[in-house]
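Each chain is listed here by its residues.
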Amino acid sequence: MKTIANRLPRRSRSLILFSVLLAAILFSVMARAETVTLAWDPNSEPDLAGYRLHYGAASGNYTHSIDVGNVTLYAIDGLSSGQTYYFAATAYNSDGKQSGYSNEVSHTIPAPNSPPFTPTVPSGPSSVLAGVAATFTTSASDPNGDALEYRFDWGGGVVSGWGSVSQARTWTTAGQYIVKAQARDSKQAESAWSGGRTVTVSANQPPSVSAGADQTVNAGAAVTLSGTGSDPDNGIASRQWRQTAGAAVALTGAATQQAQFTAPAIKTGTVTLVFEFKATDAAGLFATDTCTVTVRSADLDGDGVPNDQDAFPNDSNEWQDSDGDGIGDNADSDSDISNPPPGPGPANQPPSSPVLLSLTADEVTDTQAVMQTGAFSDPDAGDTHAETRWQIFRDDDSACVLDIQTGIGLTLLTVPKLVLDEATGYFWRAQFVDSRGAASEWSNYGYFSTANSNVDLNVNGIPDVQEVGTSVDLDRDGVKDYLQSHIKSLKMEGKKVVMGVSIKDCPSSLAIEYVESEDPSLEDAYASSKPRRMPFGLINFRVAVAKPGDTATVKIHFSDAAPRGSKWYKYDPISESWYDFSALAKFASDRRSITLTLTDGGNGDADGVANGVIVDPAGLVELDGMSGGSEGGGGGCFIDAAGAGANLLPAGWGLLIAVGLTVAGGGRKRVPKVTKMS
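First, a word on scope: everything that follows refers to the structure included in this document.

What counts, and where the lines are drawn
Residues numbered from 1 in each chain as written. Predicted model: local features only at pLDDT ≥ 70, side-chain atom pairs only at ≥ 80, totals over all residues. Heavy atoms only, no water. Buried < 20%, exposed > 50% of the residue type's maximum accessible area, 1.4 Å probe, protein only. Helix = DSSP H or I, 4+ residues; strand = E, 2+ residues; numbered from the N terminus. Pairing = 2+ DSSP bridges. Phe/Tyr/Trp six-rings, centres within 6.5 Å; stacked < 30°, edge-to-face > 60°. Lys NZ or Arg CZ within 6 Å of the ring centre and 35° of its normal.

Here's the deal with the pairing of strand 25 (residues 385-394)
Then step 1. Most of strand 25 is tucked away: seven of the 10 residues are buried.
Then step 2. Two elements, strand 25 and strand 28 (residues 425-434), share nine bridges in a ladder whose sense is antiparallel. Across the sheet, residue R389 finds its bridge partner in strand 28, namely Q431.
Then step 3. Pairing between strand 25 and strand 26 (residues 400-406): six bridges, direction antiparallel. What sits directly across from I392, in strand 26, is L402.
Then step 4. Counted along the chain from strand 25 to the antiparallel partner strand 26, the turn is five residues long, and its residue S398 has a positive phi close to 60°.

Shown next, in the form of structure tokens:
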């Protein structure tokens, strides 16, 4: 009798693992079991009786054996999900002799798919405006580690498509909505819906807008349009100026709050220009307002006499009223004038144009630049040098940063501190005015730039050595000063005091651009005229306002209470004198702060021009130190306190309120003569 070894061929048997049958998968899901179907090559021995299948959970270790009979296809069921099994087959003959194992195959029974866990309640705003998109985010996990996608129920019967974990919704109707989320895995199994987030949708309100006050300007002048817009709901998204009537002009900055243009250069009469300012909120609602700019010529009536020298600027037949009775000399029959002049008398000849002696050829200087001209010259005998007008313009945008007309600094003027920026290019010019009010032509331009002192390396608007620690909260609002933009606090040089400049609650103030302190005992700290006792030292600051000419309320905070009887004094860098600013300065009841009322181009502004920036050198003065010399040994020069509401500009200043004054065309171009403004 042949042995099984003789009857079974000595070749490998190929055991083929069939894929899991669909019916078996469905069964395993229900019974937590799986079925695997195996197939193998048949033996050719004539006494072959059948086959046995062997399997187990480890390779080569078969813990189960099944006699399947003389078939070559068999399904094994009852297998556990998530388990890997190893299979082999043997053949046996009619004598019961059994062959060796075939090759081994393995198969992992898939774990049953489970749906994702319920997502979290969506995060996002609890209140939104109709027409404004709002984004909501949820999250979930899957027990099988499957990738997930999400959809949102927005309430009101609206459900999003399947997508990302964050999705946006724009409601168009006001009301309350419940937002929920659901997850789905890659096998299409869906989670339960999450809990709901209540969202209140309110109707969007349009913005409010103002185009600013109507203006009357001279022909050829630089004009600034200043619009304002606010929105009660979601803020202003865009602003736009456009001209709606009058001779066309070229607007710059039309998409900003402030637009500029050059008034038409008309020779006589007036023209009217109309401009519209439009503010649009984030939801697309907008509002508009208009303003009118009336442009008048330098000689309204065309009689050859400039308006500022014409007693009757709208009457081409009259220009003089010698006896002051309101009747022009040409029509006046009074005996006060025996021979009424048929026309203007001999005109006063203007002085010669100044010759610049300093800062003419791109010199580099510090921010206290010194401007100097040559001597005054006038063709009329007896005319003397009454005033000089000084102007400085920034090189990159031609903005006027200084405009002062003074009878003190006639041929030499030092620029006040903080008027000029460091590492910046400028150009300047001067104009003489004689004792009869005639102004010269402007000088040629001089060009210079300022050096970088590197005293503020972190560019936070405070000298690095004067910065305070991170624990300082001078305004005691619970937020450290260094974390807030509306206050800048600093150490006072030579004093054990900290002071802070704040523009909080002042809507006309945009930013505190720079602050610095000075030790009043030093020679360069206005030593020639400063008071003897300045207990908190001297502070300089520069504040940007919303539009030229704005009035700002600035609060100065002290780390110690101000001494009783002390007052706030300001320094006039032109006349080199200190003056009492008490009429526009109010101490708090605890004397830990003082509120100043400052006007761009007016009270409290050292640069002399309504240019959107207020420069203010000032300090606290103890009155018993008002007599005698300064701490540095110099004498004191003071102007008495003004009455409440008085104009506090010191003697020697002739402020020229030239709103937005720029040099037309920018760069290094000559501009038309600017007539004296009083």
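Points about the packing of aromatic side chains
Then step 1. Across all of its chains, the model carries 21 aromatic pairs by this definition.
Then step 2. Ring geometry for W171 against Y177: centres 5.4 Å apart, planes inclined by 35°, an arrangement best described as tilted.
Then step 3. Of the residues examined, W171 reaches a relative accessible area of 1% and is grouped as buried.
Then step 4. When its relative accessible area of 15% is taken as the criterion, Y177 is described as buried.
Then step 5. Here F427 and Y445 contribute two aromatic rings whose centre-to-centre distance is 5.3 Å and whose plane-to-plane angle is 85°, an arrangement assigned as edge-to-face. A residue pair is termed long-range when its members are at least 10 positions apart, and F427 in strand 28 and Y445 in the loop between strand 28 and strand 29 (446-450) qualify at 18 residues. Across the pair, exposure class does not vary: F427 and Y445 are buried alike.
Then step 6. R52 extends its terminal NZ or CZ atom over the ring of Y92, reaching a point 4.3 Å from the ring centre.
Then step 7. The lysine or arginine in question, R429, covers the ring of W442, its NZ or CZ lying 4.0 Å from the ring centre.

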